[in-house]
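Survey of secondary and tertiary structure
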Amino acid sequence: MIDGVATDSSSTPSSTEKPRRPRRTRMTGAERRQQLLEIGRTLFAAKGFEGTSVEEIAAKAGVSKPVVYEHFGGKEGLYAVVVDREMRRLLDMVTSSLTAGHPRELCEQAAFALLDYIEEYTDGFRILVRDSPIPQSTGSFASLISDIATQVEDILGREFKSRGFDSKLAPLYAQALVGMVALTGQWWLDVRKPRKAEVAAHLVNLAWHGLDGLEQKPRLIGHRKA
């Protein structure tokens, strides 16, 4: 009691009492796995496989090294899952974009799909175009391009047949077209000029007209203009 006024000592912390720390919410196994994948993806894109350590991954996640081993068996396992997810994402984006009936518009759609992926998932593309350091990796950029070319091969085969061309040559042309787009995408990854729609237009210009018939100012015929 002070000056006749009663005080509640329980409501006033003593000078020796430490303030309570907010309780941390414990992640579920699935949440922790997703967190580690996102951290690994960022580090592998920035530093590569060799430049990234389990210690750094664990530190970024605020966990101990054994937690990383528990979820992925080590750095190699984490890297393999990251690569596999990016490969499936890019393949899905490309194959789902091939919806047009006109072959020229199909070329536009394939070019836009790859450029969209590079723009939206830059870290993922940086990881894919690196040579995999794992002898038995789940895949490589070359094998991914081959998978995409197989999708294009079927479309070209039907077009060749309808025009009286040798459909057996469709795989060759599919590899050439997809390879051209993929290599241009690797170049555009860093320069980002010209703008995406212009890159797509010039890719299709070369694929559709050939060097002899190049348009000086190529245009896009599909609904995508940007």
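Each remark here, short or long, concerns the structure printed above.
Residues numbered from 1 in each chain as written. Predicted model: local features only at pLDDT ≥ 70, side-chain atom pairs only at ≥ 80, totals over all residues. Heavy atoms only, no water.

**Examining the overall build of the chain**
- Helix and strand counts for the chain come out as nine helices and zero strands.
- Along the chain, helices and strands appear, N-terminal first, in the series α-α-α-α-α-α-α-α-α.
- Within the chain, the fraction of its 226 residues that count as buried is 38%.
- Taking all contacts inside the chain whose residues are at least 6 apart in sequence as the whole, residues at least 24 apart take part in 66%.
- Carbon and sulfur atoms provide 52% of the accessible area of the chain, an area that totals close to 14000 Å². (Helix = DSSP H or I, 4+ residues; strand = E, 2+ residues; numbered from the N terminus. Buried < 20%, exposed > 50% of the residue type's maximum accessible area, 1.4 Å probe, protein only. Contact = heavy atoms within 4.5 Å. Areas by Shrake-Rupley, 256 points an atom, 1.4 Å probe, with all protein chains shown as cover.)

**Looking at the nonpolar core**
- Membership of the largest hydrophobic core comes to 57 residues, with the highest contact counts inside it found for Phe44, Ile57, Leu90, Leu128 and Phe141.
- Not counting residues up to four positions away in its chain, the partners in contact with Ile57 are Leu36, Ile39, Leu43, Phe44, Thr52, Val68 and Leu78. (Core = buried A, V, L, I, M, F, W, Y, C linked by side-chain atoms within 4.5 Å.)

**Remarks on the packing of helix α1 (residues 29-47) against helix α4 (residues 75-97)**
- For the pair α1 and α4, interaxial distance at closest approach is 10 Å and the crossing angle is 85 degrees. Comparing their axes, α4 and α1 come out roughly perpendicular. For the pair α1 and α4, contact is made by Arg33, Gln34, Leu36, Leu37, Gly40, Arg41 and Phe44 and by Lys75, Leu78, Tyr79, Val81, Val82, Arg85, Glu86 and Arg89, respectively.
- Residue classes in the contact of α1 with α4 are distributed as seven nonpolar, two polar and six charged. (Axes fitted to C-alpha atoms, helices over the stretch in contact; angles between N-to-C directions. Parallel < 35°, antiparallel > 145°, perpendicular 65-115°, else oblique. Nonpolar A, V, L, I, M, F, W, Y, C, P; charged D, E, K, R; others polar.)

**Some thoughts on the side chain of Glu86**
- When you line up the elements, Glu86 lands in helix α4.
- Residue contacts for Glu86: discarding those within four places in its chain leaves Arg41, Tyr117, Tyr121, Gly124 and Leu128.

**Side note on the pattern of salt bridges**
- Evaluation of the coordinates by the stated rule reveals 11 salt bridges.
- Measuring nitrogen to oxygen at the nearest pair gives 4.0 Å for the salt bridge that ties Arg104 to Glu215. Pair noted here: Arg104 is in helix α5 (residues 103-120) and Glu215 is in the segment after α9 (196-209), with a separation of 111 residues, a long-range link.
- Accessibility expressed as a relative area gives 8% for Arg104, which makes it buried. (Salt bridge = Lys/Arg side-chain N within 4 Å of Asp/Glu carboxyl O.)

None of this, on its own, says anything about what the molecule does.
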